[in-house]
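As a plain string of letters, each chain reads:
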Amino acid sequence: MADGNTLWYGRFEGNPNQALRELNDSLPFDQRMFREDIAGSRAHVEMLCEVGLLNESELSEILDALDVVEKEISGGTFQWAATDEDIHTAVERRATEITAAAAKIHTARSRNDQVANDVRLVVLSEIDSLTRIVHSLVQTLLHRAEEAHQEGLYLPGYTHLQRAQPVALAHHLAAYCWMFLRDIDRLAETRRRTDVSVLGAGALAGTSLPIKPASVADKLGFSDVFNNSLDAVSDRDFVADLLYSLTVVGIHLSKLGEELCLWASSEFNYVELDDEFATGSSMMPQKKNPDVAELARGKAGRLLGNLTGFLATQKGLPLTYNKDLQEDKEPLFDSCDTIRLTTIALTGMIESLKFNGHSMSASADSQEIAATDLADFLVQRGLPFREAHSVIAGLVRESLDSDAELTDLVNNHPDLGPEAARLLQPGVGWARRNSHGGGGPEAVTEQLAALKAHVESIS
Ligand code: ARG
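The structure displayed is predicted, hence computed values, not measured ones.

Criteria and cut-off values
Residues numbered from 1 in each chain as written. Predicted model: local features only at pLDDT ≥ 70, side-chain atom pairs only at ≥ 80, totals over all residues. Heavy atoms only, no water. Helix = DSSP H or I, 4+ residues; strand = E, 2+ residues; numbered from the N terminus. Expected span 1.5 Å × (residues − 1). Buried < 20%, exposed > 50% of the residue type's maximum accessible area, 1.4 Å probe, protein only. Contact = heavy atoms within 4.5 Å. Salt bridge = Lys/Arg side-chain N within 4 Å of Asp/Glu carboxyl O. Near = heavy atom within 4 Å. Polar contact = N/O pair within 3.5 Å; in protein donor to acceptor, adjacent residues only side chain to side chain. Areas by Shrake-Rupley, 256 points an atom, 1.4 Å probe, with all protein chains shown as cover. Nonpolar A, V, L, I, M, F, W, Y, C, P; charged D, E, K, R; others polar. Pairing = 2+ DSSP bridges. Axes fitted to C-alpha atoms, helices over the stretch in contact; angles between N-to-C directions. Parallel < 35°, antiparallel > 145°, perpendicular 65-115°, else oblique. Left-handed = near helix turned anticlockwise from the far one by under 90°.

Student: Lay out helix H5 (residues 87-98) in plain terms, naming residues and giving numbers.
Tutor: Helix length check: H5, at twelve residues, gives a terminal C-alpha distance of 17 Å against a target of 16 Å (1.5 Å per residue), a fit within 8%. For H5, the tally of buried residues reaches nine of twelve residues, placing the bulk of the element in the interior. Considered for burial, the residues of H5 that qualify are Ile87, His88, Thr89, Ala90, Val91, Glu92, Arg93, Arg94 and Ala95. On its buried side, H5 packs onto helix H2 (27-30), helix H3 (34-50), helix H4 (56-75) and helix H6 (111-150).

Here's what the structure looks like:
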């Protein structure tokens, strides 16, 4: 018979091959779930005692042993054995060394329902912590938007990365707040679907023993309990949900990162990065690089890779548990860690950077950017918009083709004149666009109040 160190040795004559061990073992990455695994075991053995499968003294010995195991692992004194295949094996092996009663821990339980439950607990706690981190980014953006609004800062809004129409800087920053608030909402949705206990599903089909899965769910703080044991052990759609939700956060971070890279360039010069959140060059002494923003842009790639990779892993898996499912953990942990660190760093960068209002307004006050306002001027005098557009486009072309200033052409135009020319003056255009949700000061004041209320309702 094979040596007695694996959970399944009894059936085998030979020992596992080294390559199998290395491929099969998940301990190197799943040991980070030890708290969730131990919490699951506590709830499970308490339930076993309730239904008479453990007596009180066995229960208290097992609970004490689990306390010791938890302390050893968190204190770094736990002796991992070469044969610990995964965190579930390691915890049970050590608990059984501490008390023989722990040989009953695995009654009416399989690693299949155990691991699915552990991963659900991990996802729930990651969602809680990542929500707080994204929320704090939103608070920082909102705070910077309120400041910018008080100072009356404005910049060109862009389409196709061409100057389009001027907007309040606060409007631009608030746009990202709304994106991240939707991300928080997506995380909350994912949380709701993940909040289902699956312990008690057994290996795949439940058990003949008189267990109470609802009691386990209750003890672990889950809101609901599984209805189908096959589904419970085999699906990881909640992991994919989280990977998707985090990918969208990452995509939003990458868009913001790209804008900060542009804004920090000498060509734009809209922001100056604080030294604490910028890097230098080993060769070019003049450089101050926006690495945090570049990485925020770049990390979206791995988040997307984790999502698509894991979706591909799940595709075509027959019911129920298959070892392929062990591939859920590395992308899950990596995406959580990536979003955690990237969001914290980008928040610090945004908190500490300086906006260069002069460069922003200089770009926003360029004359062509007022073209829509000139067309609107004609519309207010009864011209159909299409004709107004063509009149103004003609003037813009004329000013580009000749040396004539657009202001002079507008001034001298019979349908426009000095009143229209005032629209081209610095700081005028951005302040006029106050339709609902627009980029002018009054609309932004209203928007920021709504945003603030939304942000506060989350904390
Ligand atoms: N390490 C495994 C995983 O992550 C635990 C479940 C093992 N189950 C099994 N039937 N071998 O999925």
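Moving on from the model shown.
Student: How would you sum up the pattern of salt bridges? Please name residues and give values.
Tutor: In this structure the tally under the stated criterion is 32 salt bridges. With a closest N to O distance of 2.8 Å, Asp328 and Lys329 form a salt bridge. Like Lys329, Asp328 is buried. Between Glu419 and Arg381 there is a salt bridge; the shortest N-O distance is 3.3 Å.

Student: Describe the site of the ligand, listing the residues and the values that go with them.
Tutor: Taken together, the neighbourhood of the ligand is formed by Ser26, Asp86, His88, Arg111, Asn112, Val115, Tyr321, Lys323, Gln326 and Lys329. In the environment of the ligand, an oxygen atom lies 2.5 Å from a nitrogen or oxygen atom belonging to the side chain of Lys329. Protein chains bury 86% of the 350 Å² of accessible surface belonging to the ligand in isolation. Of the residues forming the shell around the ligand, the biggest block, three residues, is contributed by H6. Of the residues in the shell around the ligand, the class split is two nonpolar, four polar and four charged.

Student: Tell me about the pairing of strand E1 (residues 154-159), and name the residues and values.
Tutor: Strand direction decides the pairing type here: E1 and strand E2 (residues 162-168), joined by six bridges, are antiparallel. Within E2, the residue paired with Leu155 across the bridge is Val167. With antiparallel pairing between neighbouring strands as the criterion, E1 and E2 make up a hairpin whose turn holds two residues, including His160 at a positive phi of roughly 55°.

Student: Tell me what's going on with the packing of H4 against H5, and back it up with residues and numbers.
Tutor: Interhelical geometry of H4 versus H5 gives an angle of 125° and a closest axis separation of 9 Å. On the basis of their axis angle, the class for H4 and H5 is oblique. In the crossing of H4 with H5, the sense of the turn from one axis to the other is right-handed. From H4, Ala65, Leu66, Val68, Val69, Glu72 and Ile73 reach across to H5, where they touch Ile87, Val91, Arg94, Ala95 and Ile98. A per-class count over the contact of H4 with H5 returns nine nonpolar, no polar and two charged.

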